[in-house]
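One letter stands for each residue in the lines below.
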Amino acid sequence: MALHVIFMTLAFFVALPVGIAMRAVKHSWHGLVVVAFYSFCALGCASSTLYTKLTPDMYQGSTHASHGYLVLILSLCLSAVDIARFFVRLHAFIKSRSKFALKPFWQNVVLGRNEAHEITAKYFGLDVEEPLECDVAEMKPLRLPETKVPLHVHLDDTDDDETSPWVNSSRSSQGAIHYTQSSLSEGAVFETDSNSSQGSRHSDETLHDFKLPSLVEPQSPLIRISQGVFATLERALIFAAFGMTLSGIVVYTGGCRESYVNGCLAHLIKGGIFWCYGLVTFARYLGSFSELGWAWNISPTGEHVSAEFVESLVIFIYGITNTWMERFGIRSGDPYTTKQLQHISIAVMFWFAGLVGMGIESRRVRRWLAAPAAAAAGPAEASEPQSYRGSFNPFPALVIGVTGAAMSAHAQTYLFQVQIHEVWGMLLLAFSVLRCFTYFFVWLGPPRSILPSRPPTEALASFFLACGGLMFIFSTEEVTIAAMRKGRDDMMMFLNVAVAITCFAFCWAFCIVAMKGWLKFRNSPHFLLSAP
């Protein structure tokens, strides 16, 4: 059993995150990491089969093995998509070339970097002499004359949507970014290491005419949806592995039986969601999903659904399903208990608050809400306020905060159970308060850069949310009763264990995100930034 745990941990929590990071930067070792992932999976399955043959079935009806194989099948399907992409690139490479060359074959077919190179060249306006070499011009920071009032970025919002798409310098200036004097920027812009006239124009006098070109070419909705689904499913494998870890612990310890099943599932599933939500929030703080504008920044790749919309969607799905699941295992006609009414009312709050949150994030609904004011202005042009650059949707934070406050006062049979519910309830409430602080500060200074802004309140909020989710899992009735029987009903011990595990997970997440950035930094030296 120990070998099974070790191999599956190496596969899903080491090799898989590293492979996802390497895929994002099209690293040449990505294939090797995929092979290592499936090797660890094979060894883990073999050790599990051997353990099953040598020991009796102590947990009849367990679905841990079947669910685990479903996760492996999903990973195989994603790998099949990779293999299909390889053969598509190979076919295109053979048709486009009459003579075989190793380096173009490696770059275009094996690594699939032809698209990335084209995007890079268009972004910087470079005419590369040999596109197949994937060489890029070195970007050097141009120091501006020192002034007490550095640069500030203003967006000319000429579109109906909250963020106008950026355009290339060769196009019209719709949604262009102009630089004016302010005290919030770093006082440096970038120029190519060339003698072109365009590079020489980047001076203090011509800075107001400088425009950022489009970062990526427009893609069809089908391609964007397929890429989003693939990336989501690939990252979901890590969270599915976390769920399998919880079910494996339950099966190995023999918990969650008979009358404890529903309560155990509720704590594991809901606490696991908060735990994963905290990790994703911390990844956003580090800069993940910045290409979507989810890292408290301006999206460099056009308009996307906001992170708050996704949060509201998850909250809505959570509520609409839990509203009916609370009565599972109850005979028809039985009266509603006080605890059932408490849980169902919380689920209804998730349901409708999620709907309101999604409505607020809809650009079309926002235009409807602004229609009376725009109509009252008549033919006069109404410009969007600066706050339209970001999303300030308080409903996800409101839902989690109210849930924490309510559960901290949740009636329990024993004092220790009341105390542990109070702790994780306060942790969820702390997340809500800190998220509101984030909105307050970002409201005062909306995002002006494509770079992640990393508000420090989000680092604390993500920690409290993840730690609260873990304490939610620890508050399972069987765990608390077992702790009391063993004399381990100590709140400090439970909280410290949750904090230690959360810090370890955050450290590993930081290492993965930093490794991805380091690989991107090595492959794309033109992204060098000057010191403030």
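Everything numeric here is computed off the predicted structure, so don't read it as measured data.

Looking at this model, I keep getting lost on the pattern of salt bridges. Mind explaining?
Two side chains that carry opposite charge are able to pair once their charged atoms sit near each other. Applying the stated criterion across every chain, the model contains six salt bridges. Between Glu361 and Arg366 there is a salt bridge whose closest N-O contact spans 3.7 Å. On the accessibility criterion, Arg366 (21% relative accessible area) is partly exposed. The network of salt bridges with common partners includes Arg284, Glu311, Arg435 and Glu458.

Which parts of the structure should I look at to understand the packing of helix H1 (residues 2-24) against helix H7 (residues 221-253)?
Where H1 meets H7, the axes come as close as 11 Å, and the angle between the chain directions of the two elements is 170°. Considering their axes alone, H1 and H7 lie roughly antiparallel with respect to each other. Side by side, H1 and H7 meet where Phe12, Phe13, Leu16, Pro17, Ile20 and Arg23 of the first sit next to Phe230, Glu234, Arg235, Leu237, Ile238, Ala241, Phe242 and Thr245 of the second. Classifying every residue of the contact of H1 with H7 by side-chain character gives 10 nonpolar, one polar and three charged.

It is not clear to me how the environment of Val348 should be interpreted in this structure. Could you clarify?
Of note, Val348 is situated in helix H10 (residues 338-361). Using a relative accessible area of 29% as the deciding quantity, one classes Val348 as partly exposed. Along the primary structure Val348 and Thr321 are separated by 27 residues, whereas in three dimensions their C-alpha atoms are 9.6 Å apart.

Could you clarify how one ought to interpret the packing of aromatic side chains in this entry?
Note on aromatic pairs: each is described by the distance of the centres and the angle between the planes. With the rule as written, the count across this model stands at 21 aromatic pairs. On the numbers, 5.0 Å between centres and 70° between planes, the contact of Phe392 with Trp443 is edge-to-face. With Phe392 in the loop between helix H11 (363-377) and helix H12 (395-407) and Trp443 in helix H13 (residues 415-444), the pair connects residues that are 51 residues apart, well separated along the chain. You can call Phe392 buried: its relative accessible area is 18%. One aromatic cluster is present, built from ring pairs that chain together Phe282, Tyr285, Phe463, Phe464 and Phe506. Sitting over the ring of Tyr59, Arg257 keeps its end group 4.3 Å from the ring centre.

Teacher, can you tell me more about the state of the cysteines here?
As used here, a disulfide is simply a covalent bond connecting the sulfur atoms of two cysteines. Following the criterion strictly, the structure yields one disulfide and no others. Bridging Cys256 to Cys264, the disulfide has an S-S length of 1.6 Å. Considered together, Cys256 and Cys264 belong to a single accessibility category, that of buried residues. Its sulfur unpaired, Cys41 is 6.4 Å from the next cysteine sulfur, which belongs to Cys45. The class for Cys41 is buried, based on a relative accessible area of 3%. Taking the relative accessible area as the measure of exposure, Cys45 reaches 17% and is therefore buried.

Is there a simple way to explain a nonpolar patch on the surface in this structure?
A cluster of nonpolar side chains, Val433, Phe437, Phe440, Phe441, Trp443 and Leu444, forms an exposed patch at the surface whose accessible area comes to about 650 Å². Within the secondary structure, Phe440 sits in helix H13. Using a relative accessible area of 46% as the deciding quantity, one classes Phe440 as partly exposed.

Can you walk me through empty space enclosed by the protein in this structure?
If a probe the size of a water molecule is rolled over the atoms, the empty space left behind becomes visible. Enumeration according to the criterion identifies three cavities of 30 Å³ or more in this entry. What the largest cavity holds in volume is close to 310 Å³. Forming the boundary of the largest cavity are 23 residues, of which Gly293, Asn297, Ser306, Arg389 and Gly390 lie nearest the centre. For the lining of the largest cavity, the per-class residue count stands at eight nonpolar, nine polar and six charged. Lining the second largest cavity are 17 residues, and of these Leu16, Arg23, Val34, Phe37 and Glu234 sit closest to its centre. Elements supplying a minimum of two residues to the lining of the second largest cavity: H1, helix H2 (30-54), helix H3 (64-96) and H7.

So what exactly am I meant to see when it comes to the side chain of Ser391 here?
With respect to the helices and strands, Ser391 occurs in the loop between H11 and H12. Looking at Ser391, its side chain comes within polar contact range of the side chain of Glu308, at 3.4 Å. Beyond its immediate chain neighbours, meaning those up to four positions away, Ser391 contacts Ser306, Glu308, Glu361, Arg366 and Tyr439.

Looking at this structure, how should I read helix H15 (residues 477-485)?
Note that an α-helix has 3.6 residues per turn; residues three or four places apart therefore point the same way. Within H15, the full set of buried residues consists of Thr480, Ile481 and Ala483. Projected down its long axis, H15 shows its buried positions confined to an angular sector of 160°, all on one face. Turning to H15, the residues buried within the fold contact H13, helix H14 (456-474) and helix H16 (491-523).

Please explain the environment of Pro452 as it appears in this structure.
The residue Pro452 is located in the loop between H13 and H14 in this model. A relative accessible area of 23% places Pro452 in the partly exposed class. If near-sequence neighbours (up to four positions away) are discounted, Pro452 is found in contact with Gly287, Ser290, Ala295 and Asn297.

What counts as what
- Residues numbered from 1 in each chain as written.
- Predicted model: local features only at pLDDT ≥ 70, side-chain atom pairs only at ≥ 80, totals over all residues.
- Heavy atoms only, no water.
- Salt bridge = Lys/Arg side-chain N within 4 Å of Asp/Glu carboxyl O.
- Buried < 20%, exposed > 50% of the residue type's maximum accessible area, 1.4 Å probe, protein only.
- Axes fitted to C-alpha atoms, helices over the stretch in contact; angles between N-to-C directions.
- Helix = DSSP H or I, 4+ residues; strand = E, 2+ residues; numbered from the N terminus.
- Parallel < 35°, antiparallel > 145°, perpendicular 65-115°, else oblique.
- Contact = heavy atoms within 4.5 Å.
- Nonpolar A, V, L, I, M, F, W, Y, C, P; charged D, E, K, R; others polar.
- Phe/Tyr/Trp six-rings, centres within 6.5 Å; stacked < 30°, edge-to-face > 60°.
- Lys NZ or Arg CZ within 6 Å of the ring centre and 35° of its normal.
- Disulfide = S-S within 2.5 Å.
- Patch = residues over 30% accessible without salt bridge, like charges linked within 9 Å, V, L, I, M, F, W, Y side chains within 5 Å.
- Areas by Shrake-Rupley, 256 points an atom, 1.4 Å probe, with all protein chains shown as cover.
- 1 Å grid on protein atoms, 1.4 Å probe; cavity = no way out; pocket = protein on both sides within 12 Å on 5 of 7 lines; lining within 4 Å.
- Points joined across faces, edges and corners; volume = space filled by probe spheres on them.
- Polar contact = N/O pair within 3.5 Å; in protein donor to acceptor, adjacent residues only side chain to side chain.
- Arc of directions from axis to C-beta.

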